[in-house]
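Notes for the structure review
Single-letter residue listing:
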Amino acid sequence: MTNSESTSAASQGVGQRWSSRWLFILAAAGSAVGLGNIWKFPYIAGENGGGVFVAIYLGCVAAVGIPIMISEVLLGRQGRSSPIHTMRSLSQCAGASGRWTALGWLGVVTGFLILSYYGVIAGWTLHYVWLSMSGAFAGADGASVGATFDAFLADPWALVFYQTLFMALTIWIVGRGVTRGIEAAIRWFMPLLFLLLLVLFIYSLNSGGFAQDWAFMFDLKWDAVSSDTVLIAMGQAFFTLSLGMGTMMAYGAYVPEDANLGTTVVSIAALDTFIAIAAGLVIFPIVFANGLEVGQGPGLTFVTLPLAFSQMPFGEVFGGIFFLLISFAAITSAISLTEPALSYLVEEYNAKRQRVALSLGVICWLLGLGTVFSFNIWSDMMIVGDLNFFGFLDYLSQNIMLPLGGMLIAFFAMWLLPKELMYKQLGITNPAVGWAWRILAGVVAPVGVLVVFVSTLWPVLASLLGL
Ligand code: PHE
């Protein structure tokens, strides 16, 4: 296909639309709410200054996250096609270099990398739904819950089995298309997710550890705040809002014409933040009520919590509910990770969605084997510094590729896309509002990301160069 043909294909777009603005909000919130909210946020909030961290994080969401998400969605709705085609047609329309198409490609590659490891970790949650509900942890002690997790990680076959299950489910859903696949899944999973969270919240409230949890998460612990805190908060805002890799651009392509982008995006960010904070308010009371220490990362979710549930009445049921909740959250995020690549291939080659979904799934699955082995046979094989395969992918995607993508997206939308198009997309008629918006989204947000980007990368570069 020649450049101009593909541009015209891009301008026609895939023609699919969300059934309503509300479904877009749910789908985008489904993308945003994932392992990042339930597994990561509560822990890093507690460890990085509690209330101070939460305040900085909210600041990052408001000053950087929301403007970049609006930019991403508006580019998607203007281009009405996959991120690669959108960037190609919009850079032509803006008279900018065709190299901006690379931004679409960056998103596709980032999505692949993230999905490859996301599928593996999400597979663990499926395994833990089963373990919890079957009563495997009933009456267990810390050592045996820890041993169960270690044995699971040491067994590549078991990890591959659950990775395959999760990826197959994801591919099956996305292969069915926007309305019959993504929307159908979202309509079920998101309300269920809220319901499960509510049930667990009530359970936690009555567990006896709530006051301690409140203090852990919200007390202003200034001494835990370091220069890294802002970086951690910003990186977390990016990952959790699914920004910087074209997901929101791909989803934005299906947004109905009349939806107000500003209020829509604010609702998505608010839902995501609400769930992250609610997850913290659910998890820690259960941990504290059982006199346990807050473990770290995977240990918190897969060792401390199962142990806490094992010591509580109806622990099997509530433990099962908890892991089901994470699985739902993870699947709606995984679905969105495939969309930039999937929509591109479907448009470019006029291919069948199911077939493309399957091929993408197989490639991601194969790449995911590297993550599987990072927890056993390749655990000591370092790619860079002390990062093994999984650590490297995680670092590269979250700290480098997402911020880079987000910064460039905001820059393109604000300074290269014709102003009238941007104002039309946002419904801005007042020039003063237009300028305020451009300063926020065109200066504050990208410069903020640049600062994070450079300060995250500089120590790494310096150590690599031996400075
Ligand atoms: N936001 C998801 C989470 O918090 C992860 C994600 C990142 C999904 C980037 C899509 C794109 O788990």
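Residues numbered from 1 in each chain as written. Predicted model: local features only at pLDDT ≥ 70, side-chain atom pairs only at ≥ 80, totals over all residues. Heavy atoms only, no water.

Let us now look at the environment of A269. With respect to the helices and strands, the residue A269 is situated in helix α13 (residues 261-289). The class of A269 is buried, set by a relative accessible area of 3%. In sequence terms A269 and A136 are 133 residues apart; their C-alpha atoms lie 37 Å from each other. Other than its neighbours up to four places away in sequence, A269 contacts V61, I66 and L241. (Helix = DSSP H or I, 4+ residues; strand = E, 2+ residues; numbered from the N terminus. Buried < 20%, exposed > 50% of the residue type's maximum accessible area, 1.4 Å probe, protein only. Contact = heavy atoms within 4.5 Å.)

With that settled, the discussion passes to the nonpolar core. In terms of nonpolar packing, the biggest core is built from 167 residues, with W18, F41, L75, W124 and F322 touching the most fellow members. Excluding its chain neighbours within four sequence positions, the residues that come into contact with W18 are F24, A27, V178, I182, E183, Y251, Y254, V255 and P256. (Core = buried A, V, L, I, M, F, W, Y, C linked by side-chain atoms within 4.5 Å.)

Here the focus is the site of the ligand. Taken together, the neighbourhood of the ligand is formed by 15 residues, with A32, L35, G36, Y118 and F239 sitting nearest. Residue F239 places a main-chain N or O atom 2.8 Å away from a nitrogen atom belonging to the ligand. One nitrogen or oxygen atom from the side chain of S242 is found 3.1 Å from a nitrogen atom belonging to the ligand. Protein chains shield 100% of the accessible area of the ligand, which is 320 Å² for the free molecule. Counting only elements with at least two residues in the shell around the ligand, the list comes to α2 (21-32), α3 (35-47), α11 (228-240) and α15 (315-349). (Near = heavy atom within 4 Å. Polar contact = N/O pair within 3.5 Å; in protein donor to acceptor, adjacent residues only side chain to side chain. Areas by Shrake-Rupley, 256 points an atom, 1.4 Å probe, with all protein chains shown as cover.)

Before going further, it helps to spend a moment on the pattern of salt bridges. All chains considered together, the criterion is met by three salt bridges. The shortest N-O distance in the salt bridge between E257 and R80 comes to 3.2 Å. A residue pair is termed long-range when its members are at least 10 positions apart, and E257 in the loop between α12 (247-252) and α13 and R80 in the loop between α4 (51-79) and α5 (83-93) qualify at 177 residues. Among the ionic pairs, E183 bridges to R187, the shortest N-O distance being 3.5 Å. Taken together, the residues E183 and R187, both in helix α9 (residues 178-205) and four residues apart, mark about one turn of the helix. (Salt bridge = Lys/Arg side-chain N within 4 Å of Asp/Glu carboxyl O.)

What follows covers a nonpolar patch on the surface. A surface patch of nonpolar side chains, about 760 Å² in accessible area, is lined by F411, W415, W435, I439, L440, V443, V444, V447 and V451. Only α17 (389-416) and α19 (431-464) provide two or more residues apiece to the nonpolar patch. When residues of the nonpolar patch are assigned to their parent elements, the largest contribution, seven residues, is made by α19. Within the element layout of this structure, L440 appears in helix α19. (Patch = residues over 30% accessible without salt bridge, like charges linked within 9 Å, V, L, I, M, F, W, Y side chains within 5 Å.)

This brings us to the confidence of the model for the protein chain. Of all residues in the protein chain, 96% attain a pLDDT of 70 or more, and the chain-wide mean is 89. Looking across the protein chain, the model is least confident in helix α1 (residues 3-12), with a mean pLDDT of 39, and most confident in helix α8 (residues 156-175), with 97. Considering only residues more than four positions removed or in separate chains, one finds that residues 1-13, a stretch of pLDDT under 50, has 15 contacts. (pLDDT = per-residue confidence, 0-100.)

Below, the discussion takes up the packing of α2 against α9. Look at α2 against α9: their axes get within 10 Å of each other, and the N-to-C directions meet at 75 degrees. Judged by the angle between their axes, α2 and α9 are roughly perpendicular. On α9, the residues that touch L23, L26, A27, A29 and G30 of α2 are E183, I186, R187 and M190. Considered class by class, the residues forming the contact of α2 with α9 number six nonpolar, one polar and two charged. (Axes fitted to C-alpha atoms, helices over the stretch in contact; angles between N-to-C directions. Parallel < 35°, antiparallel > 145°, perpendicular 65-115°, else oblique. Nonpolar A, V, L, I, M, F, W, Y, C, P; charged D, E, K, R; others polar.)

Moving on, we get to the packing of aromatic side chains. If you walk through the whole model with that rule in mind, you get 36 aromatic pairs. Centre to centre, the rings of W100 and F411 are 6.3 Å apart; their planes meet at 10 degrees, and the pair counts as stacked. With a gap of 311 residues between them, W100 in the loop between α5 and α6 (101-133) and F411 in helix α17 connect regions that are remote in the sequence. By relative accessible area, which is 17% here, W100 ends up buried. Of the residues examined, F411 reaches a relative accessible area of 36% and is grouped as partly exposed. Between F375 and F390, the ring centres sit 5.2 Å apart and the planes meet at 45 degrees, which makes this aromatic pair tilted. With F375 in the loop between α16 (353-374) and β1 (382-384) and F390 in helix α17, this residue pair connects regions lying 15 residues apart in the sequence. Take F375: its relative accessible area is 22%, and that puts it in the partly exposed class. Residue F390 is classed as buried on the basis of its relative accessible area of 15%. (Phe/Tyr/Trp six-rings, centres within 6.5 Å; stacked < 30°, edge-to-face > 60°.)

One way to put it is that α4 packs onto α11 with a least axis distance of 9 Å and a crossing angle of 50 degrees. Put simply, α4 runs oblique to α11. Crossing of α4 against α11: the hand is right-handed. Contacts between α4 and α11 involve F53, I56, Y57, C60, V61, V64 and I68 from the first element and T229, V230, I232, A233, M234, Q236, A237, F238 and T240 from the second. (Left-handed = near helix turned anticlockwise from the far one by under 90°.)

Quick look at α13 now. Here α13 is 29 residues long and its end C-alpha atoms lie 42 Å apart, about the 42 Å a rise of 1.5 Å per residue gives. Between the side-chain oxygen at the start of α13 and the backbone nitrogen of G262 there is a gap of 2.9 Å, and the oxygen is on N260. (Expected span 1.5 Å × (residues − 1).)

So, on to α2. End to end, α2 covers 16 Å across 12 residues, agreeing with the expected 16 Å (1.5 Å per residue, within 8%). Counting buried positions along α2 yields 10 of 12 residues, so the element is predominantly enclosed.

For the rest of this paragraph, the subject is the side chain of S374. Among the secondary structure elements, S374 is positioned in helix α16. Residue classification places S374 among the buried residues on the basis of a relative accessible area of 4%. A distance of 3.0 Å separates a polar side-chain atom of S374 from the backbone nitrogen of F390. The contact partners of S374, leaving out residues within four places of it in the chain, are S379, N388, F389 and F390.

Right, let's talk about unusual backbone geometry for a bit. Look at S242: it is not a glycine, yet its phi comes out positive at around 55 degrees. Here S242 is to be found in the loop between α11 and α12. The buried category is assigned to S242, whose relative accessible area is 12%. Residue N350 is not a glycine yet carries a positive backbone phi of 50 degrees. Within the secondary structure, N350 is located in the loop between α15 and α16. Look at N350 and you get exposed, because its relative accessible area is 72%.

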